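Structural overview for review
Each chain is listed here by its residues.
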Amino acid sequence: MSGYVVVGSQWGDEGKGKIVDVLSNKMDYVVRFQGGNNAGHTVVVNGEKTVLHLLPSGILSDNATCIIGPGVVIDPFVLLDELSSLEQRGLNTSHLKISGRAHIIMPYHILLDKLQEQKLANNKIGTTKRGIGPCYADKYTRIGLRIADLVDFEYFKERLKSTLTIKNEQIVKLYNEKPFDYDELIAQFEEIREKILDRIVDSVSIINKAIEDDKDILFEGAQAAMLDINYGTYPYVTSSSPTSAGVLSGAGVSPRALNYIIGVVKAYSTRVGEGTFVTELFDDTGEKIRKVGNEFGATTGRPRRCGWLDLVVVKQACLINGLTDLVVTKIDILSGFKDIPVCVGYEIDGVITNSIPASINEYNKAKPVYKYLPGWNEDITNIRNFEELPINCQNYLKFIEDFTKTRISLVSVGPDRENNILINKLI
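Residues numbered from 1 in each chain as written. Predicted model: local features only at pLDDT ≥ 70, side-chain atom pairs only at ≥ 80, totals over all residues. Heavy atoms only, no water.

**So, the layout of surface pockets**
Taken as a whole, the second largest pocket spans an internal volume of roughly 320 Å³. As for the second largest pocket, its lining consists of V22, L23, N25, K26, L410, R417, E418, N420, L422, K425, L426 and I427. Counting residues per element, the ones that place at least two in the lining of the second largest pocket are α1 (16-24) and β20 (420-422). Classifying every residue of the lining of the second largest pocket by side-chain character gives 6 nonpolar, 2 polar and 4 charged. (1 Å grid on protein atoms, 1.4 Å probe; cavity = no way out; pocket = protein on both sides within 12 Å on 5 of 7 lines; lining within 4 Å. Points joined across faces, edges and corners; volume = space filled by probe spheres on them. Helix = DSSP H or I, 4+ residues; strand = E, 2+ residues; numbered from the N terminus. Nonpolar A, V, L, I, M, F, W, Y, C, P; charged D, E, K, R; others polar.)

**What about the pairing of strand β7 (residues 96-99)?**
Examined bridge by bridge, strand β5 (residues 65-68) and β7 share 3 bridges and lie parallel to one another. From the neighbouring strand, I67 faces β7, where its bridge partner is K97. Judged from the 2 bridges that link them, β7 and strand β9 (residues 200-201) form a sheet pairing that is parallel. Looking across to β9, one finds that I98 is bridged to I200. (Pairing = 2+ DSSP bridges.)

**Here's the deal with the nonpolar core**
Judged by nonpolar contacts, the single largest core of 52 residues is most densely connected at F219, I331, L334 and Y396. In terms of residue count, the dominant contributor to this core is helix α12 (residues 391-404) (5 residues). Sequence-distant contacts of I331, that is, excluding residues within four places in its chain, are made with A267, W376, I380, C393, Y396, L397, V411, S412 and V413. Core analysis: the next-biggest nonpolar cluster, separate from the first, contains 51 residues, V20, L52, A64 and I192 among them. (Core = buried A, V, L, I, M, F, W, Y, C linked by side-chain atoms within 4.5 Å. Buried < 20%, exposed > 50% of the residue type's maximum accessible area, 1.4 Å probe, protein only. Contact = heavy atoms within 4.5 Å.)

**So, unusual backbone geometry**
With an omega dihedral of 10 degrees, the bond running from Y234 to P235 counts as a cis peptide bond. Relative to the helices and strands, P235 resides in the loop between β10 (216-220) and α8 (244-252). Even without being glycine, Q223 reaches a positive phi, approximately 55 degrees. Its place among the elements puts Q223 in the loop between β10 and α8.

**Section: the sheet that holds strand β1 (residues 2-8)**
The strand order across the open sheet built from 10 strands is β9-β7-β5-β2-β10-β1-β11-β15-β19-β20, with neighbouring strands paired in mixed fashion. The strands lining the two open edges of the sheet, one partner per strand, are β9 and β20. Here strand β15 (residues 325-329) runs beside strand β19 (residues 408-412); their pairing, made up of 3 bridges, is parallel. Bridging across to β19, L326 finds its partner in I408.

**Brief notes about the side chain of S269**
Here S269 shows up in strand β12 (residues 269-271). Overall, S269 belongs to the buried group, its relative accessible area being 0%. Within the structure, the side chain of S269 is placed 3.3 Å from the backbone nitrogen of D310, a separation counted as a polar contact. Those residues in contact with S269 that lie beyond four places of it in its chain are Q10, W11, F277, T279, R305, C306, G307, W308, L309 and D310. (Polar contact = N/O pair within 3.5 Å; in protein donor to acceptor, adjacent residues only side chain to side chain.)

**Focus on the packing of aromatic side chains**
For the coordinates displayed, the defined rule picks out 11 aromatic pairs. Relative to F337, the ring of W308 lies with its centre 5.5 Å away and its plane at 80 degrees, an arrangement referred to as edge-to-face. Of this pair, W308 sits in the loop between β13 (305-307) and β14 (309-310) while F337 is found in the loop between β15 and β16 (339-348), placing the two residues 29 residues apart along the sequence. The burial state of W308 is the same as that of F337; both residues are buried. Cluster of aromatic residues (ring-pair linked, three or more members): F77, F153, F156 and F189. Lying over the aromatic face of F337, K288 brings its terminal NZ or CZ to 4.5 Å of the ring centre. Looking at K315, its charged tip hangs above the ring of F403, at a distance of 5.3 Å from the centre. (Phe/Tyr/Trp six-rings, centres within 6.5 Å; stacked < 30°, edge-to-face > 60°. Lys NZ or Arg CZ within 6 Å of the ring centre and 35° of its normal.)

**Looking at the pattern of salt bridges**
For the structure shown, the criterion picks out 19 salt bridges. R199 is the salt-bridge partner of E87, the closest N and O atoms lying 3.8 Å from each other. Placement of the pair is E87 in helix α2 (residues 76-88) and R199 in the loop between α6 (182-196) and β9, with a sequence separation of 112 residues. For E274, the salt bridge identified is with K124, shortest N-O distance 3.7 Å. With E274 in the loop between β12 and α9 (284-292) and K124 in the loop between α3 (107-120) and α4 (132-140), the pair connects residues that are 150 residues apart, well separated along the chain. (Salt bridge = Lys/Arg side-chain N within 4 Å of Asp/Glu carboxyl O.)

**What to know about the packing of α3 against α4**
Orientation of α3 relative to α4, taken along the N-to-C sense of each, is 120 degrees, at an axis distance of 7 Å. For the element pair α3 and α4, the recorded crossing hand is right-handed. Here Y108, H109, L112 and D113 of α3 come into contact with α4, specifically with I132, P134, C135 and D138. Class assignment of the residues belonging to the contact of α3 with α4 gives a composition of 5 nonpolar, 1 polar and 2 charged. (Axes fitted to C-alpha atoms, helices over the stretch in contact; angles between N-to-C directions. Left-handed = near helix turned anticlockwise from the far one by under 90°.)

**Describing α4**
Here α4 has its buried residues at I132, P134, C135, Y136 and D138. Lining the buried residues of α4 we find β6 (73-74), β8 (103-104), α3 and α5 (153-174). R142, located one to two residues past α4, shows a positive phi value of around 65 degrees.

**Notes on the pairing of strand β11 (residues 260-266)**
By the criterion of burial, β11 is predominantly enclosed, with 6 of the 7 residues buried. The pairing of β1 with β11 spans 5 bridges and is classified as parallel. By the bridge assignment, V7 is partnered in β11 with G263. Pairing of β11 with β15, which is carried by 5 bridges, proceeds in the parallel orientation. Looking across to β15, one finds that V264 is bridged to V327.

Quick look at the structure:
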C-alpha cells in the first residue's frame, strides 16, 4: 500500500487539482479530507477545462473510488449540481461515495456567512461566503447536522428543529433578516436525501480496509498551509487544517498511512482575500503575472493578488507537513523576466528573520529580503525533460530545492495534464 497526500504549500491555487488528476489514474482510491466548496480545483484534459469545487479531482478517472471524507463540509445543492454537470457530459460518477460523518452546509450557514462578513466591514475575513466557517462552527459547538442524519430522516427532522430555533434567533435578532421556514427546509432535504442515499458509506472502514489490502490511496485537500486554522495568517485563514496532519482526522487514518507527502508550490505567489502577503506586487509586473497566469479565482472569479515567490512560506510548509516531495507549477509564466526576485527572509523592525510571526500585526511589518536570480526568455511549455530547460530555469528550481531541503519531483510547464516534467519517480 502507498498513501499519497497532495497539499498546498502557499495560500492555495497552486495547481493541486491538476496534480491530483495526474496521479489519480494510478490510484485505487482518491479521498477528499477537508474543506468545502470554498475552493476550486481546475483540471484541463485534452484542452477541456473542468472546475471542481467539492468533488475530488480524481472523479475524472474511472480507475479510482472517490470518497468525500468526514473532515469535509458538504453543500448538497452544490454536490448535486456538480454531479449533474459531469453526467450531462457523459462522465461516470457512480464511483463517488460520501462519508456519513461529513457535516452538511445548510442554507442558513450561507446566509450567516454573508451577514457576518457585512457586519465586519473593514475587518472582514474575505471568505467566499459559501457557509464554510459557520458550518464548521456548528460542528464544534455540536449543533451541526451530518450526512448520516439523512439516513434516519426522523432524526434529521428533530435535529433540524432544534438547531433552526437557534439559527433563526440569530438571523432575526442580530441581523433583522427573515427566518428560515422549517417545513420548506424539510421538503428540500427530503428530495436531496433520495438522490444521495445510495452514496452514503462508512468511509473510515472502507479506507482502512483498503490500507490493509495494500491499495494505493491519494488524499486530497483544499486551500494550503498558510490558510491553516492553526499555522496560517490568523484570522485570515480557513476553518480547517489543509495540512498533512489534517488527513489523519479528516479521513480517519493513522500517520502510518502516509508514505508520500507532496507539496504543490506555484513558481510565484498568489493570494485571494484579506491577510498579509509580504511579496505582493502592486505595479505593472503584478498585473502582468495576473494576466499571463490567468490568476482569477476558480470559485469566485476574484482577481488574485500576485507577488514573487516567498520561500519562507514554502519552507514552513515543508516543515509542518513533513513534505517528501515538491511539485512546482506555472514556472512557464515566469519566462520573459530579466531577473526574478525570490524572498529568502523578512526584515521586521530592522531585524532579519526566516520564520513567520504568529502575530498578524508583527507579520504586517515584514519587508521581503530578496535574492535575485537571472531569468530566461524561452517558451518552455513543450519541454518534457529537465535537462532541456534553460539553464537559468534549472537553477531557479535547484535554488528552491536547496533552500527548502526538499526534492522537486515534478515540474508543471502548462495547464494540461500532459504539460509536465517528471524529475523523480512519484508512483
